[in-house]
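Commentary on secondary and tertiary structure
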Amino acid sequence: MLAPVREVALYLAAGVVYVAIGVAFPEFLFAWIVAVGFLLVSVVVLPALVSHFRQ
Amino acid sequence: MSWAAHDLEPYVIQKELGKRIAFVPLLIGSYAPDLLSKWFVYGVADLKADNPAQFHRGWPGAGFTHSLVFGVLIGLLLYALWRNKVVAYSFVIGQWAHALTDTGDTVGTMLLFPFSDHLFTVGAWAYAGQTGRYVDAGAYFSGLGFVWDGLFVVWGILSWRVLTRGYFRTTVMAADPFWRWAGRYLSETTLVALYRASFFYGVARWTAWLIWAHVVRSFAFDLRWGGPRWVPRIYARDLNAATGCRCPGCCSMRPRLGFYGAVAVCAWTKGLIASGSGRRGHARDRPRAMSSGGQPRPRSGARTPWRKSRRRPADPRAGPPG
């Protein structure tokens, strides 16, 4: 039960950060590939790094 | 043009068609008409079209990418390469969705090209691609364009079930050969993130542009038909040979009526899908919840042995409680 909630929270947090960066620097919003890279870093790479360093 | 609808339409279509559609070609089809032409409309460095609207939607120009025939031709090419009709028609559906959505602005699209260079337009929001990316964004998010995209944002969020990991595993991966191939190299978490990326992009970008246009900058809202009126906009009659067009559409078309008609046809089609095999397919495709033992939980109302066995008949010899 906790895992899906944690996953949704992670995506929401990534969305909030993406919107904040996009509002401050609109150039950031134009490229689809930038959004994909940002999402992968936020919800795959960073959580993997965090769990790696916790162990 | 639309700023978020093309990102979100594939998820809505995915929800309706389930295993009968392949997501990646659907998404590529949804982006295809603008994939190679949009950068030249806004310009990169000194490279920019002399007449951006004519280049984007007209002929001569790259407007043929917004025609229905273009989608069919690329679909046939995909079929010749892969021999997979689901991949081919998924691309066609995505490309058609894009071409039809773009009829919403004041320029419209040449849906019937090469048989006609007539631009079909509903004219609900202003086409202002020639003003540059930022003014275009400000205009789009001040007129009915952002309302149209907002409908897809809401519709996409209501279709949240297609974003779940279970749905991805049981429906999206099963229908699309790309994910099975990618699954050999990437983890499921990465695949799911890639699958959700365009949804994330569409919703986040819609939110960010809306805030940027009305909080950071002060573009004025103008939700009148064909607005906003403060931006210099291009009309279909300014392009191609449409000025002298005498077709029944140009002579007697009432764009607002056409728009309502299109919405009615969409609703009717959705009703047909829901009442036909689509609803049954959708229920079947829906991932089943897992019980704590790792077994699929039975659907509500289903008869199960354990439920029977736990019911004990009342003992007539037992006295009153207490």
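Notes on the structure in this doc start here. (Residues numbered from 1 in each chain as written. Chains lettered and ligands numbered in written order. Predicted model: local features only at pLDDT ≥ 70, side-chain atom pairs only at ≥ 80, totals over all residues.)

1. Thoughts on the overall build of chain B
When helices and strands are counted, chain B shows 15 helices and zero strands. Counting every position in chain B, which comprises 322 residues, the buried fraction comes to 44%. Sequence-distant contacts in chain B: of pairs separated by 6 or more residues, those separated by 24 or more amount to 70%. (Helix = DSSP H or I, 4+ residues; strand = E, 2+ residues; numbered from the N terminus. Buried ≥ 20, exposed ≤ 12 C-beta atoms within 10 Å, placed from the backbone. Contact = placed C-beta atoms within 7 Å.)

2. A closer look at helix H2 (residues 23-35) of chain B
All names here are of chain B. Taking 1.5 Å of rise per residue, 13 residues should cover 18 Å, and H2 covers 17 Å from first to last C-alpha, within 8% of that figure. At glycine 29, H2 shows its largest kink, close to 30°, and the proline proline 33 lies no more than four residues downstream. Among the residues making up H2, those that are buried are Phe23, Val24, Pro25, Leu26, Leu27, Gly29, Ser30, Ala32 and Pro33. In this structure, the buried side of H2 is in contact with helix H1 (5-17), helix H5 (68-82), helix H6 (85-101), helix H9 (165-175), helix H10 (177-182) and helix H11 (188-216). (Expected span 1.5 Å × (residues − 1). Bend = angle between axes of the 7 residues up to and from the residue.)

3. Thoughts on the packing of H1 of chain B against H11 of chain B
Helix packing geometry: the angle between the two helix axes and the distance between the axes. Residues and elements named next belong to chain B. As a packed pair, H1 and H11 sit with axes 8 Å apart at the nearest point and diverge in direction by 130°. Between H1 and H11, the angle is such that the two are oblique. Considering how the two elements wind past one another, H1 and H11 form a crossing that is left-handed. Residues Asp7, Leu8, Pro10 and Tyr11 of H1 pack against Ser198, Phe199, Tyr201 and Gly202 of H11. A breakdown of the residues in the contact of H1 with H11 according to their chemical character gives five nonpolar, two polar and one charged. (Axes fitted to C-alpha atoms, helices over the stretch in contact; angles between N-to-C directions. Parallel < 35°, antiparallel > 145°, perpendicular 65-115°, else oblique. Left-handed = near helix turned anticlockwise from the far one by under 90°. Nonpolar A, V, L, I, M, F, W, Y, C, P; charged D, E, K, R; others polar.)

4. Quick notes on the interface of chain A and chain B
Contact with chain A, which involves 16 residues of that partner, is made by 17 residues of chain B. Of all the secondary-structure elements, those providing two or more residues to the side of chain A that touches chain B are helix H1 (2-24) and helix H2 (32-54) of chain A. By residue number, the principal contributor to the side of chain A that touches chain B is H2 of chain A, which donates seven residues.

Coordinates in, geometry out; function isn't part of it.
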